[in-house]
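# What the coordinates show
Take a look at the letters that make up each chain.
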Amino acid sequence: MLYLVATPIGNLGDITHRALDLLGEADTIVCEDTRRTQKLLNHYRVRRKDGTVPSLVSFHEHSGPGRLRQILEELGQGKSVALVSDSGVPLISDPGFELVREVIRRGIRVEALPGPSALLTALVLSGLAVDRFSFFGFLPQKSAARRKALSEIKDYRETLIFYESPFRLIRTLEDMKETFGDREACVARELTKKFEEIVRGYLSEIIEKFSIRKILGEMVILVAGKGRKETLH
Ligand code: SAM
């Protein structure tokens, strides 16, 4: 059985009892960064029944096909494997999609243990429409490709959700303003952490706010869909 286990996106308290139990019982925990997952296991003193520490195997974009084969082999032998990412729900802008596809193809059971994800946490805090939304993960890093990607979705009427790095925030917001016009938007930064910050307003206002200071941390950008007017002002 493969278990897809959600882990905190910042606040370590945001993990379920079921996830902690499962992590202590799995034969193998597949994760991105073993040090980061180890920290979570240590924080909760997750141990196997015999007191030993669960075994961690790293799995990320540079792992290569050998690692995927190894995990599939373990699952084929009837072992239980838990997949976690560095934060949030595995597969969501994180590794695991190929593994899940192959597991389904081979008829192996897969179960998801739900938990926090930055996109839904940001959406419900944004003040933008939640009835319909689309998630695009990370946009291309180069401006021309980014603008092209944005122009393909400029007529969407639902709330648009993106992950972005602090280094590209301003340039991406400017490309959005250029492509979409000056729509209502939101930047949700450091969600669930000590310095959580939600900046709401028109794209031009948000650009202005962030232009005068150093931008750090993890962030989600949300933009109103075409023609959607909420009630921020
Ligand atoms: N799997 C994760 C999830 O379910 O949200 C997403 C992983 S993705 C590699 C990391 C990106 O998610 C960050 O660059 C940021 O855009 C967003 N993110 C993750 N944690 C966040 C947080 N605490 N606050 C704001 N954005 C966050």
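Conventions used here
Residue numbering note: each chain is counted from 1, following its sequence as written. The predicted origin of the model limits local features to residues at a pLDDT of at least 70 and limits the giving and counting of side-chain atom pairs to 80 or more, whereas totals for whole chains, interfaces and linings rest on all residues. Neither water nor hydrogens contribute to the side-chain values; these are computed over all heavy atoms in the structure. Take a side-chain nitrogen of Lys or Arg and a carboxyl oxygen of Asp or Glu: if they are within 4 Å of each other, that pair is a salt bridge. A run of DSSP states H or I qualifies as a helix once it reaches four residues; a run of E qualifies as a strand once it reaches two. Both are numbered from the N-terminal end. Here's how the labels work: a residue is buried when its accessible area is under 20% of the maximum for its type, exposed when over 50%, partly exposed in between, all with a 1.4 Å probe on protein chains only. These domain boundaries are the output of an automatic or database domain assignment. Every residue pair with non-hydrogen atoms within 4.5 Å of one another is taken to be in contact. Here the quantity called buried area is the accessible surface, traced with a 1.4 Å probe, that two parts lose on coming together, added over both. What qualifies as a polar contact is a pair of N or O atoms within 3.5 Å, subject to a donor-acceptor requirement within protein and to the restriction that residues adjacent in sequence count only when both atoms come from side chains. Residues were grouped as follows: Ala, Val, Leu, Ile, Met, Phe, Trp, Tyr, Cys and Pro as nonpolar; Asp, Glu, Lys and Arg as charged; and all remaining residues, including Gly, as polar. When the centres of two rings from Phe, Tyr and Trp lie within 6.5 Å, Trp using its six-membered ring, the rings pair. Their planes under 30 degrees apart give stacked, over 60 give edge-to-face, and anything left gives tilted.

## Overview of the pattern of salt bridges
A side chain with one charge can pair with a side chain of the opposite charge if their charged atoms come near. Counted by the stated rule, this structure contains 15 salt bridges. For Arg146, the salt bridge goes to Asp175, with nearest N and O atoms at 2.9 Å. Here the residue Arg146 occupies a position in helix H6 (residues 143-152), and Asp175 occupies one in helix H7 (residues 169-180), the gap between them amounting to 29 residues. You can call Asp175 buried: its relative accessible area is 3%. Between Arg213 and Glu197 there is a salt bridge whose closest N-O contact spans 2.9 Å.

## A few points about the domain arrangement of the protein chain
Looking at the protein chain, the domain boundaries give domain 1 (2-113) and domain 2 (118-223). One C-alpha centre belongs to domain 1, the other to domain 2; they are set 29 Å apart. The interface is formed by six residues belonging to domain 1 together with eleven residues belonging to domain 2. Between domain 1 and domain 2, the buried area comes to about 590 Å², and carbon and sulfur atoms account for 59% of it. Taken as a group, Ile9, Ile92 and Ser93 account for 73% of the area that domain 1 buries against domain 2, more than any other trio of residues on that side. Applying the counting rule to domain 1 against domain 2 returns zero salt bridges. At the boundary of domain 1 with domain 2, the tally comes to one residue pair in polar contact (both at pLDDT 80 or more). A per-class count over the side of domain 1 that touches domain 2 returns two nonpolar, three polar and one charged.

## Describing the packing of aromatic side chains
Using the criterion set out here, one finds four aromatic pairs in the structure. Plain terms: the ring middles of Phe136 and Phe162 are 5.3 Å apart, the flat faces sit at 20° to each other, and that makes the pair stacked. One end of the pair, Phe136, is in strand E6 (residues 133-138); the other, Phe162, is in strand E7 (residues 159-164), and 26 residues separate them in sequence. Taking relative accessible area as the criterion, Phe136 reaches 27% and is therefore assigned partly exposed. Ring centres 5.8 Å apart and planes at 65° place the aromatic pair Phe138 and Tyr163 in the edge-to-face group. In this pair, Phe138 sits in strand E6 while Tyr163 sits in strand E7, placing the two residues 25 residues apart along the sequence. For Tyr163, a relative accessible area of 9% puts it in the buried group.

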